[in-house]
Amino acid sequence: MEFTEAYKLAGPCCFSPNSRYIAVAVDYRLVIRDTLSFQVVQLFSCLDKISYIEWANDSEYILCGLNKRPMIQAWSLTQPEWTCKIDEGSAGIAYSRWSPDSRHILTTSDFQLRLTVWSLLNTACVHVQGPKYGSKGVSFTKDGKYAAICTRRDCKDYVNLLSCHAWKIMGVFAVDTLDLADIEWSPDDNAIVIWDSPLEFKVLIYSPDGRCLSKYQAYESGLGVKSVSWSPCGQYLAVGSYDQMLRVLNHLTWKTFAEFMHLSTVRGPCRAAVFKEVDEPLHLDMSELCLSDEFLQGNSDVSEGHFRVMYEVTEVPISLPFQKPPSDKPNPKQGIGLMSWSKDSRYIHTCNDSMPTALWIWDIHHLELAAILVQKDPIRAAAWDPTCTRLVLCTGSSQLYMWTPSGAYCVSNPLPQFNITDLKWNSDGSCLLLKDKESFCCASVPLSLESSEYSSDD
């Protein structure tokens, strides 16, 4: 892997959908860099500090949310002189997002008074009263033709279906939830999944015309659903809950066909490979070197020795570090909070918040645990390669950790004092965006990896 130099960062940053650009917020300035040369291609000045940024799907436009104002500003890469500013006055703007056609912006006002669709083609705007949330509760079909927007009135949750062509409400139906948490279209656009708040375990599957196809409830007492994720193929629906279980439903009968427990002690029989992060001392033979005492005193690294980070394959049984959440505090750190599918829908990785240093990788084809990665520090982020079965994660250290079905590897970041706190893939899987607190860099990744190409000190 090859790493770029570090660049200044003071806010969000992300790749454009076409992978040609990187947008970086530096206080009130929006810097657009080319992903090949990393030269600045555009520089935009906003009216206040940038809170969040979002690219349009066609990578031609980008919006910046300014929470302190509150307002948003949008910019065009092909027409730098074009500008757009949306200010809802006293209503405020809690969140904004692009529509799939990249020519409309959806804003949600403070206190969820209304959701407004703004057109960049003309001055028309459409209002939806009483959206349930600001930054969630809105989902688009994959073909970009329809939007599902959650609303609430008279202590009841509803789903509004809008046409993204005319922005007219096609239908409204009530849902059987106590307090709707979120909504998401299936990848094939044939179903909508809705799940309830953590106070009640309830997952509902609806058709676009409002018919309830299935109602799934694993148990009645205790905290319920924490995370939900469709597989890219649309055949599986993964549900992570506070009882430290991962349940997978099929798309034909909407019944569970797999239940995976996250236990603090992993015992046999178990075919999973357990990779544990360790520090291996580098033994340097300096018996034939003539080093003065002054040199050794001024270079403590030489006298103390060097270490390299690597994975050690561990046999089961193994006990994983476990943190029992306090019973007297809300939002306990337990259950499946981190969850994501691989591109081919064969693997899914999970992280139990009670064991923040362990990452579990499950094989859906064989319905078994494929691997466990045990880190020294809590896992900050993990992301699948968008083109192949390759998982990359970070823990806030200078190391980058990678897993493929052939093994796990540690890659050292050569930049001094650069601790990786977050990471993102570009759309073609050739580059990784690595973030530190005040800087970022990129790492070019080979399109195909074999286990023989990697070692801990690459």
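Above this note sits the structure.
First, a word on scope: everything that follows refers to the structure included in this document. As the structure is a prediction and not an experimental result, all values here were calculated from the model.

### Some points on the overall build of the protein
Scanning the protein from N- to C-terminus turns up 2 helices and 41 strands. Relative to its length of 458 residues, the protein is compact, with a C-alpha radius of gyration of 24 Å against a globular reference of 23 Å. In terms of overall dimensions, the protein has C-alpha extents of about 80 × 60 × 45 Å along its principal axes. In the protein, 44% of the contacts between residues at least 6 apart in sequence involve partners at least 24 apart. A total accessible area of about 21,600 Å² is found for the protein, and carbon and sulfur atoms account for 49% of it. Charged side chains in the protein number 40 positive and 54 negative. The centres of these two groups are separated by 9 Å.

### Some details on the sheet that holds strand E3 (residues 13–15)
Two strands in a sheet stick together by hydrogen bonds in their backbones, pointing the same way (parallel) or opposite ways (antiparallel). Strand order in the open sheet made by the 4 strands is E3-E4-E5-E6, with antiparallel pairing throughout. Both outer strands of the open sheet, E3 and strand E6 (40–45), are each paired with one neighbouring strand and no more. Taken over all neighbouring pairs, the strand axes of this sheet differ in orientation by 15° on average, direction set aside. As paired strands, strand E4 (residues 21–26) and strand E5 (residues 29–34) are joined by 6 bridges and run antiparallel to one another. Its bridge partner lying in E5, Val26 is registered against Arg29.

### Brief notes about unusual backbone geometry
Omega for the peptide link from Arg69 to Pro70 comes to -10°, which places this bond in the cis form. Among the secondary structure elements, Pro70 is positioned in the loop between strand E8 (61–66) and strand E9 (71–76). Unlike most non-glycine residues, Ser345 shows phi in positive territory, near 65°.

### Here's the deal with the pairing of strand E20 (residues 192–196)
Of all 5 residues in E20, 5 are buried, a share of seventy percent or more. Side chains of E20 alternate between two faces, with Ile192, Ile194 and Asp196 and Val193 and Trp195 buried alike. Pairing geometry for strand E19 (residues 180–185) and E20, over 5 bridges, is antiparallel. Its bridge partner being in E20, Glu184 is matched across the sheet by Val193. The antiparallel hairpin formed by E19 and E20 contains 6 residues in its connecting segment, where Asp189 sits at a positive phi of about 65°.

### Looking at the packing of aromatic side chains
This model, assessed by the stated rule, comprises 19 aromatic pairs. A ring pair is formed by Tyr347 and Trp403, whose centres lie 5.4 Å apart and whose planes are at 75°; its orientation type is edge-to-face. Of this pair, Tyr347 sits in strand E32 (residues 347–352) while Trp403 sits in strand E37 (residues 399–404); the two residues are 56 residues apart in sequence, bridging distant segments of the chain. You can call Trp403 buried: its relative accessible area is 4%. Counting every residue linked through ring pairs, the aromatic cluster contains Tyr7, Phe38 and Phe440.

### Remarks on the nonpolar core
Counting 23 residues, the largest nonpolar core has Leu246, Val248, Leu320, Ile348 and Trp360 as its most contacted members. Those elements that place two or more of their residues in this core are strand E24 (236–241), strand E25 (245–250), strand E26 (256–261), strand E31 (336–341), strand E33 (358–363) and strand E34 (368–374). Apart from the residues lying within four places of it in its own chain, the contact partners of Leu246 are Ala238, Val239, Gly240, Ala258, Glu259, Phe260, His262, Met339, Ile348, Thr350 and Trp362.

### Regarding the sheet that holds E32
Taken together, 6 strands build an open sheet; the order of strands is E29-E28-E34-E33-E32-E31 and the sheet is mixed. The sheet terminates laterally at strand E29 (306–314) and E31, the two strands that pair on one side only. When the angles between neighbouring strand axes are averaged without regard to direction, this sheet yields 20°. By the bridge criterion, 4 bridges tie strand E28 (residues 273–282) to E34 in an arrangement that is parallel. By the bridge assignment, Phe275 is partnered in E34 with Leu373.

### Quick word on the layout of surface pockets
There is about 970 Å³ of room inside the largest pocket. A total of 5 residues in the lining of the largest pocket trace back to one element, the largest contributor, which is strand E23 (residues 225–230). Broken down by class, the residue content of the lining of the largest pocket amounts to 10 nonpolar, 5 polar and 4 charged. What lines the second largest pocket is a set of 17 residues, and nearest its centre among them are Glu54, Arg97, Trp98, Val138 and Phe140. Secondary structure elements with two or more residues in the lining of the second largest pocket: strand E7 (52–55), strand E11 (95–98), strand E15 (138–140) and E19. Each residue belonging to the lining of the second largest pocket can be placed in one class, and the counts come to 8 nonpolar, 4 polar and 5 charged.

### Some words on the side chain of Glu60
Within the secondary structure, Glu60 is located in the loop between E7 and E8. Among the polar contacts listed, one links the side chain of Glu60 to the side chain of Arg103, at a separation of 3.5 Å. For Glu60, the contacting residues outside a window of four places in its chain are Trp75, Ser76, Leu77, Thr78, Gln79 and Arg103.

What counts and how
- Residues numbered from 1 in each chain as written.
- Predicted model: local features only at pLDDT ≥ 70, side-chain atom pairs only at ≥ 80, totals over all residues.
- Heavy atoms only, no water.
- Helix = DSSP H or I, 4+ residues; strand = E, 2+ residues; numbered from the N terminus.
- Rg over C-alpha atoms; globule rule 2.2 N^0.38 Å.
- Contact = heavy atoms within 4.5 Å.
- Areas by Shrake-Rupley, 256 points an atom, 1.4 Å probe, with all protein chains shown as cover.
- Lys, Arg positive; Asp, Glu negative; His and termini not counted.
- Charge placed at Lys NZ, Arg CZ, Asp CG, Glu CD.
- Pairing = 2+ DSSP bridges.
- Axes fitted to C-alpha atoms, helices over the stretch in contact; angles between N-to-C directions.
- Buried < 20%, exposed > 50% of the residue type's maximum accessible area, 1.4 Å probe, protein only.
- Phe/Tyr/Trp six-rings, centres within 6.5 Å; stacked < 30°, edge-to-face > 60°.
- Core = buried A, V, L, I, M, F, W, Y, C linked by side-chain atoms within 4.5 Å.
- 1 Å grid on protein atoms, 1.4 Å probe; cavity = no way out; pocket = protein on both sides within 12 Å on 5 of 7 lines; lining within 4 Å.
- Points joined across faces, edges and corners; volume = space filled by probe spheres on them.
- Nonpolar A, V, L, I, M, F, W, Y, C, P; charged D, E, K, R; others polar.
- Polar contact = N/O pair within 3.5 Å; in protein donor to acceptor, adjacent residues only side chain to side chain.

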